[in-house]
Amino acid sequence: MKNIAIIGAGTMGHSIALSASWSGHSAKIFGVDNHDLETAKKGFAAKLQLMADNELINEGQAQEIAEHVAFTTSLEEAVKDAEFIIEAVPENMALKHKIYHQLEELAANDIIIASNSSGLMPTALAEGMKHPERFVLTHFWNPAHLVPLVEIVGGEKTDEKTLQQTKAFIEQMKKQAVMLKKELPGFIGNRLQFALFREAQALLDAGVASKEDIDAAVTYSIGRRLPVTGPLQTADLGGLDIFHAISDYLFEDLSTDQKPGRTLSELTGKGELGAKTGSGFYEWPEEQSKAVQGKREEALIHFLKQDMEKG
């Protein structure tokens, strides 16, 4: 598979296209209008320049990558000659169903249609499709050009051939593919991420520690180990007898809240939504937001370079 279509020109859409073109594929990005595409082009160019500035690629490679990406407001043009289609439109079920109906009218019956949804279930997404057997969910993580993980989730009618072809394609993109054996909300990554977030909220609401110390307890301990060992491998290295004993008494004391925590609910109720509004758990002046996001990008690039060295 060399030619792919990305339906949706937002942050995820043009980041996925960047990943695809970096790995030698040609990508066409569909946007709803010229303003949508201009925003995508600027985002794409900025991300490409960041990669060059950090020596992930050289200037010649940057130019070649850019030449393998096209932008269009024509859905028909976007899927023409496409061998794999990735939908990356907003998380609106009705909108996605409308897009799939259009795609099935335009694409050959054997072309895989994938969704980048981060939470909607593939069985529900594929409802009403003529060929749900060729539908699959491919959840790229943001920023898609720097984070290797892609979660692959089939629906009730997705066939095994679709799953295996999708896995092969994701690996062609030099991504780390993980295959779920069953669909469930949050998939793997978000379930683990939000389990940690729930406990962090509970600790903050209970007055156990400040927000700064709760964050520091992660970034300066398990955060240092997670790039190398996940939770199950960490348990093996630490000794399953020890982890069993701790689980036996600690699990019953962990948060089992079924709703967002008190502080989070108060903040969102006041419209304090984090960096995008200037305040949330923390205050986010523009300089601080840019600095933290830049530092996070540096860390992601550091680990991506390590991945590249390992091949």
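Calculation criteria
- Residues numbered from 1 in each chain as written.
- Predicted model: local features only at pLDDT ≥ 70, side-chain atom pairs only at ≥ 80, totals over all residues.
- Heavy atoms only, no water.
- Helix = DSSP H or I, 4+ residues; strand = E, 2+ residues; numbered from the N terminus.
- Rg over C-alpha atoms; globule rule 2.2 N^0.38 Å.
- Buried < 20%, exposed > 50% of the residue type's maximum accessible area, 1.4 Å probe, protein only.
- Contact = heavy atoms within 4.5 Å.
- Areas by Shrake-Rupley, 256 points an atom, 1.4 Å probe, with all protein chains shown as cover.
- Lys, Arg positive; Asp, Glu negative; His and termini not counted.
- Charge placed at Lys NZ, Arg CZ, Asp CG, Glu CD.
- Phe/Tyr/Trp six-rings, centres within 6.5 Å; stacked < 30°, edge-to-face > 60°.
- Lys NZ or Arg CZ within 6 Å of the ring centre and 35° of its normal.
- Axes fitted to C-alpha atoms, helices over the stretch in contact; angles between N-to-C directions.
- Left-handed = near helix turned anticlockwise from the far one by under 90°.
- Pairing = 2+ DSSP bridges.
- Salt bridge = Lys/Arg side-chain N within 4 Å of Asp/Glu carboxyl O.

1. Describing the overall build of the protein
Each helix and strand counted, the protein has 13 helices and eight strands in total. Over its C-alpha atoms the protein spans a radius of gyration of 21 Å, differing by no more than 12% from the 19 Å that the globule rule assigns to 311 residues. Within the protein, the fraction of its 311 residues that count as buried is 37%. The contacts in the protein between residues at least 6 apart in sequence include a share of 67% that link residues at least 24 apart. When the accessible area of the protein is evaluated, it comes to approximately 17,900 Å², of which 54% is carbon and sulfur surface. Considering the protein, the positive charge centre built from 31 side chains and the negative charge centre built from 45 side chains are found 2 Å apart.

2. Here we look at the packing of aromatic side chains
Scanning the model with the defined rule gives six aromatic pairs in all. Consider the rings of Phe-44 and Phe-71, whose centres lie 6.1 Å apart with planes at 85°: the pair is edge-to-face. You can see Phe-44 sitting in helix H2 (residues 34-53) and its partner Phe-71 sitting in strand S3 (residues 69-72), a full 27 residues away along the chain. The class for Phe-44 is buried, based on a relative accessible area of 5%. Seen from their ring centres, Phe-84 and Phe-169 are 4.2 Å apart, and the 25° between their planes marks the pair as stacked. In this pair, Phe-84 sits in strand S4 (residues 84-87) while Phe-169 sits in helix H7 (residues 160-172), placing the two residues 85 residues apart along the sequence. Residue Phe-84 is classed as buried on the basis of its relative accessible area of 0%. Phe-169 sits in the buried class, given a relative accessible area of 0%. The ring of Tyr-282 has Lys-211 sitting right over it, with the charged end atom 5.4 Å from the ring centre.

3. Observations concerning the packing of helix H8 (residues 189-205) against helix H9 (residues 211-225)
Two quantities define a packed helix pair, namely the angle between the helix axes and the distance between the axes. Packing of H8 against H9 brings their axes to within 10 Å, and their N-to-C directions diverge by 145°. By crossing handedness, the relation of H8 to H9 is classed as right-handed. Only Lys-211, Ile-214 and Val-218 of H9 make contact with H8, whose side of the interface consists of Leu-196, Ala-200, Leu-203 and Leu-204.

4. Some thoughts on the sheet that holds strand S2 (residues 26-30)
Strand order in the open sheet formed by eight strands is S3-S2-S1-S4-S5-S6-S7-S8, with mixed pairing between adjacent strands. A strand with exactly one partner marks an edge of an open sheet, and here the two such strands are S3 and strand S8 (176-179). On average, adjacent strands in this sheet sit at an angle of 25° to one another, irrespective of strand direction. Where S4 meets strand S5 (residues 112-115), four bridges bridge the pair, whose relative direction is parallel. Pairing of Glu-87 across the sheet is with Ser-115, part of S5. Helix H1 (residues 11-22) rests against strand S1 (3-7), S2, S3, S4 and strand S6 (135-140) of the sheet, and its axis sits at about 170° to S1. Helix-sheet contacts for H2 involve S2 and S3, and the interaxial angle to S3 is about 160°.

5. Looking at the side chain of Lys-47
Inspection of the secondary structure puts Lys-47 in helix H2. No salt bridge is formed by the buried Lys-47, whose closest oppositely charged neighbour, Glu-297, lies at an N-O distance of 6.7 Å. In contact with Lys-47, not counting residues within four places along its chain, are His-14, Ser-15, Leu-18 and His-145.

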